[in-house]
Structures are given as structure tokens and as C-alpha cells.
Amino acid sequence: MNKKIIVIVIFILLTSAFYLFSRKSNNDLEFIKAERGDIIKEIFESGTLKKGEEIILGFKIGGKVEKIYVESGDYVEQDDLLAQVANEDLTLQLKIREKELSIAELTVEKLKSGARKEEIAIYESEVKSAEANLLGAEEALRSAKESLSFQIEDAYSKADDAVRNKVDQFFEYPRSANKNFKVAFTVNNTYYYFSLKGEVNREINRERREIEEKLNEWEKISEDDPLFFAQKAENYLKEISSFLDKIAFEVNAFSSNVPAVQTILNGYRTDLSTARSSVNTALNSLISARTSFKAAESSYNLAQQALLSAEKKLISIKAGSREEDITLQEERVEQIKIEIERINKQIKDTEIRAPFRGRVVDFEKKEGEIAQTGETFVSLLSGDFYEIEIYLYEGEISFIEVGNLVGIELVPFPLEEFKGEIFSINPAGRLIDGVVHYKITVFSDEIPEKAMFGMTADVTIKVIQQEDVLLIPEIAIEKRDGRSFVRVLKEKLIQEKEIETGLRGEDRRIEVISGLKEGERVLIK
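Remember, predicted model here, so these are calculated numbers, not experimental data. (Residues numbered from 1 in each chain as written. Predicted model: local features only at pLDDT ≥ 70, side-chain atom pairs only at ≥ 80, totals over all residues. Heavy atoms only, no water.)

Undergrad: I would appreciate a short explanation of helix α4 (residues 198-220) in the present structure.
TA: The end-to-end C-alpha distance of α4 is 34 Å, a good match for the 33 Å that 23 residues give at a rise of 1.5 Å each. For α4, the complete set of buried residues consists of Asn201, Ile204, Asn205, Glu207, Arg208, Ile211, Glu212, Leu215 and Trp218. Buried positions along α4 lie against α3 (117-167), β7 (171-172), β8 (180-187) and α5 (226-252). (Helix = DSSP H or I, 4+ residues; strand = E, 2+ residues; numbered from the N terminus. Expected span 1.5 Å × (residues − 1). Buried < 20%, exposed > 50% of the residue type's maximum accessible area, 1.4 Å probe, protein only. Contact = heavy atoms within 4.5 Å.)

Structure follows, in C-alpha cells:
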């Protein structure tokens with residue numbers, strides 16, 4: 001039998017089979033209509049009930065600690081202010097913006113009602129006020145520049161002393177190009193020396209030569225651009241600080257069983273500790289001065305803009321209001337409101353407030369010290385809140401965020417559901433049974449006092465809800481090559497359709513985005 005006949009026979013057999021299959025009685029096949037409805041995706045997980053967890057808090061914006069409002073051991077309520085870093089620059093910006101907003105809103109009213117002589121006088125007064133503000137901002141900028149220049153000079157002095165006095169006592173020929181690290185001295189007519197060998201010694205000698213070049217460059221940099229100069233000085237200080245750490249590491253490793261020798265070594269260690277502390281203090285002071293200068297520069301620019309804005313408004317009010325002028329001024333009002341909202345958020349970021357009712361454990365910094373962004377500043381012990389830790393696998397973590405509300409069920413309280421919320425999501429993954437999971441902390445203040453620690457808590461998180469979508473059972477869908485198909489009954493024949501699917505609900509129904517219409521009957525059995 002040739003190939004052509006074989007193909008024809010197969011085609012006839014397949015067509016007959018499809019026809020017989022499609023002509024089966026509805027009693028032999030089970031169909032269900034595609035219907036619209038709501039679909040909810042929930043995440044279920046179990047954890048263990050805890051209470052009194054210690055939480056660490058830090059500043060979102062670093063700076064000098066201006067005020068600590070509570071003491072270790074104090075009890076605090078939710079949203080109580082615990083500490084604050086300096087925010088004078090932001091407060092000044094806020095006052096300027098609030099004044100601008102008041103003026104802008106008044107301008108809108110005046111533009112709408114038309115200008116009078118007394119109104120023109122008001123805008124002339126605003127111009128004078130803006131001119132005075134600009135003079136004040138200019139003086140503040142000059143003062144900030146002088147302070148920055150002083151800190152740069154002071155930083156150089158401390159860096160020079162740390163390297164050329166404190167460190168160079170450990171080098172042979174420190175002022176020559178052939179510097180060599182070696183700690184040597186005589187005690188009771190006995191010569192003692194400590195040195196490094198190999199690559200470590202060569203590395204330290206090389207870095208000392210480079211530090212000398214940095215110090216020489218530092219002396220020659222122009223102060224015309226203070227921010228650039230300050231940044232260069234910060235970079236130099238960081239390199240010198242790293243160099244001092246390396247020297248201290250090596251010297252601290254030297255020891256002797258001769259008391260007099262050990263006393264000298266201890267003195268060297270003290271010198272290095274002093275040098276490192278001095279350089280780090282200079283670095284923090286320089287960073288603070290540079291931040292203040294940038295803030296003063298920003299305030300000066302804002303004052304310039306405010307004066308320009310006041311002058312334009314005066315010109316506009318004298319010329320009479322146009323519809324486009326009113327619209328433009330109204331937009332200006334909205335822009336200033338957005339800026340005020342941004343500044344208020346920044347001011348809030350300079351504060352640490354209690355996220356819950358609890359007790360202060362301890363502070364890592366004191367008033368007047370520098371707090372870095374994100375570092376631990378205060379520890380807080382949760383009070384009346386119960387805590388539950390659960391682990392979600394990586395496929396679920398993208399659906400949740402801090403603040404999501406959850407339902408909590410406890411075995412001893414089978415008919416009750418308690419509310420809670422997600423307090424934190426640990427970004428560090430953890431392998432559980434070969435799958436990456438992430439720790440989620442849930443807080444709740446609804447759980448009764450008679451609940452006991454260690455009880456199993458079932459947590460339900462509703463992450464997505466879609467309303468009035470087209471739904472079919474998951475078992476009606478056939479997957480092939482990454483595509484989805486269903487079989488549809490149409491005029492007593494079964495046809496295959498490709499569909500696009502969406503959300504999968506906990507009831508094992510699937511959202512159909514396209515390819516199927518409401519009321520169509522799909523084969524499920």
C-alpha cells in the first residue's frame with residue numbers, strides 16, 4: 001500500500017473517531033458553564049505564638065543625635081517619640097515652603113478677585129521679605145562655607161599628626177623614599193625590634209608612600225570649590241583611616257615577656273588608638289560640615305527662587321490677571337504642597353518613634369554623637385503584642401508587604417479569628433527542604449491573655465481579590481507547550497479553544513482573560 005493511501009486511511013479513521021467522540025451523549029460527558037464570579041487568593045501558613053520579642057530600630061536619615069526623649073527601661077506607647085537627629089535645615093526649608101504656600105494661595109485669591117492698590121502693596125512687601133530672606137540665606141551660606149573650610153583644615157592637621165607623628169615612629173627613614181616598617185628601641189642596653197616580613201611588609205611600605213603623596217596633594221588643592229575639596233578630603237581620610245587600622249592590627253600583634261618592653265608596646269598601641277580616634281572624629285565632623293554646607297546652599301537657592309517668584313507675582317498682579325495666570329498659580333500651589341509633603345516626610349525620617357507599645361531596652365548612641373543611616377540605635381521590647389513567626393516560600397513572597405492584615409486562628413479557640421498585621425519581612429532567605437523561604441513576623445494585640453507561648457497559630461493572608469471575572473474549574477484546562485486549551489460544546493460538537501488564563505483561586509478555579517465567553521460549556525469529564 002503506497003503512502004498516499006495510508007495517509008487517506010488514517011485521516012478517515014481520525015475523522016470518524018472525532019465525529020463519534022463529539023456525538024457522544026451529554027450523559028456520557030460532563031460539562032460546566034463558564035460563569036462570572038469573585039476569586040480570592042489566600043496564603044496559609046502555621047507558626048508559633050511568642051511574646052516580648054526584642055526589636056531594633058534605627059534612623060532612616062543619619063546625623064548628629066540632637067535629643068533622646070526616653071531612658072532605658074521606660075515604657076512607651078505606640079508612636080511615642082524616642083529620639084531625633086538634627087533637622088534644623090529641613091525645618092528651615094519647611095518654614096520657607098509654608099510661607100511660599102501661604103503667599104501662593106493668597107495670590108490665587110487675588111488673581112481671581114482682581115488687584116487693588118493695597119493688594120499691590122502686599123506683593124511689594126513680599127518682594128522685600130524675599131530679599132531679606134535671601135540676604136539671610138546668603139549669610140548662612142557664607143558661615144557654612146567658613147565652617148567647612150575650618151573642618152577641612154582641622155582634618156588635614158589631624159591626619160598629618162596621625163601619620164607623620166604617630167605612625168612614622170614605626171618606620172625607618174620615614175621622610176625618605178625608602179621607608180621601611182620596623183618597631184625598634186633599646187631597654188636596659190638591650191636592643192629590641194619587631195618587623196614584618198614578606199608581602200605584608202612590602203604592602204605597608206607601599207601604602208605609606210601613597211599616603212605621603214595624598215598628604216602632599218591635599219596641601220595643594222584649591223578651596224574654590226568647597227564641596228569638591230571636602231569630598232577629596234573625605235576620601236583621603238578614609239584611606240588614612242584604613243591604613244591606620246592595618247598598622248594597628250600589626251602592632252597589636254607584637255608582644256614580649258619582658259615587662260619593660262611590653263610597656264613600650266602598650267604605649268605604641270595607645271598612640272595608634274588615639275590617632276585612629278582622631279582621624280575618625282575628623283571624618284565625621286567633615287561629613288557633618290559638608291552636609292550643613294549643602295543644606296545652606298540649597299536654602300540659598302530656594303531663597304533666590306522665592307525672590308524671583310515674588311517679583312514675577314508682583315509684575316503679574318500689576319499687569320492684571322489672565323485665566324492662564326490663575327491656572328499657572330494654582331499649579332504652583334499644588335507643587336509647593338507636594339514639596340511640603342516631601343520635607344515633612346524627611347523630617348519624620350529624622351525621628352525614631354515606637355512602632356508599638358513596649359519597653360525601651362537600651363540605646364547604642366548618646367546625645368551629640370553621630371548616628372549613621374540604618375545602624376542600630378535603640379532596642380525595644382514589645383509589650384502587649386503577641387508575635388508569630390512564619391516562613392513563606394519564595395513563590396509567595398512577592399504577593400505580600402509590611403502592613404498586610406492577616407487572620408489568626410488558635411487551636412484552643414476554634415470558633416474565633418483574631419486580626420493581626422505583617423510587621424516585618426526578613427530579606428535573608430533560608431533553605432527549608434531545599435526550597436528558599438523567608439521569615440515573616442506577624443503582630444497582633446487581639447489574642448487573649450490566656451493564650452500560652454508556643455501554641456500553634458494558623459495564619460491566613462488575603463493577598464489578591466478580583467471581582468466579577470470569568471471563571472472555570474482548573475481541571476477543564478489542558479496544558480501543552482506552555483499554552484492553555486479547553487474543549488467547548490458548540491452545536492452538539494466539541495471544539496478545542498486556546499485561552500489565556502489569569503489568577504488561580506484557593507477553590508481551584510481559574511480566571512479566563514480571553515478565548516472564552518460567559519455561558520459557554522466546557523468539558524471537565
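Having seen it, we continue.
Undergrad: What is the right way to look at the packing of aromatic side chains in this model?
TA: How two aromatic rings sit relative to each other is given by the distance of their centres and the angle of their planes. Scanning the entire structure with this criterion turns up 12 aromatic pairs. Here Trp218 and Tyr236 contribute two aromatic rings whose centre-to-centre distance is 5.5 Å and whose plane-to-plane angle is 40°, an arrangement assigned as tilted. Of the two residues, Trp218 sits in helix α4 while Tyr236 sits in helix α5, which places them 18 residues apart along the sequence. Here Trp218 and Tyr236 have matching classes, each one buried. With a centroid separation of 6.0 Å and an interplanar angle of 85°, the aromatic rings of Phe413 and Phe418 are classed as edge-to-face. Among the aromatic side chains, those forming a connected cluster through ring pairs are Phe170, Phe171, Phe181, Phe185, Tyr192, Phe194, Phe254 and Tyr268. (Phe/Tyr/Trp six-rings, centres within 6.5 Å; stacked < 30°, edge-to-face > 60°.)

Undergrad: Mind showing me how you'd approach the pattern of salt bridges here?
TA: Note on pairing: side chains with opposite charge can pair once their charged atoms come close. Under the counting rule described, the total for this entry stands at 28 salt bridges. Where Lys158 meets Asp154, a salt bridge forms, and the shortest distance between an N and an O atom there is 3.2 Å. In this pair, Lys158 and Asp154 both sit in helix α3, 4 residues apart, roughly one turn of the helix. What makes Lys158 partly exposed here is its relative accessible area of 24%. Judged by its relative accessible area of 23%, Asp154 is partly exposed. A single salt-bridge network, built from bridges that share partners, covers Asp160, Arg164, Asp168, Arg208 and Glu212. (Salt bridge = Lys/Arg side-chain N within 4 Å of Asp/Glu carboxyl O.)

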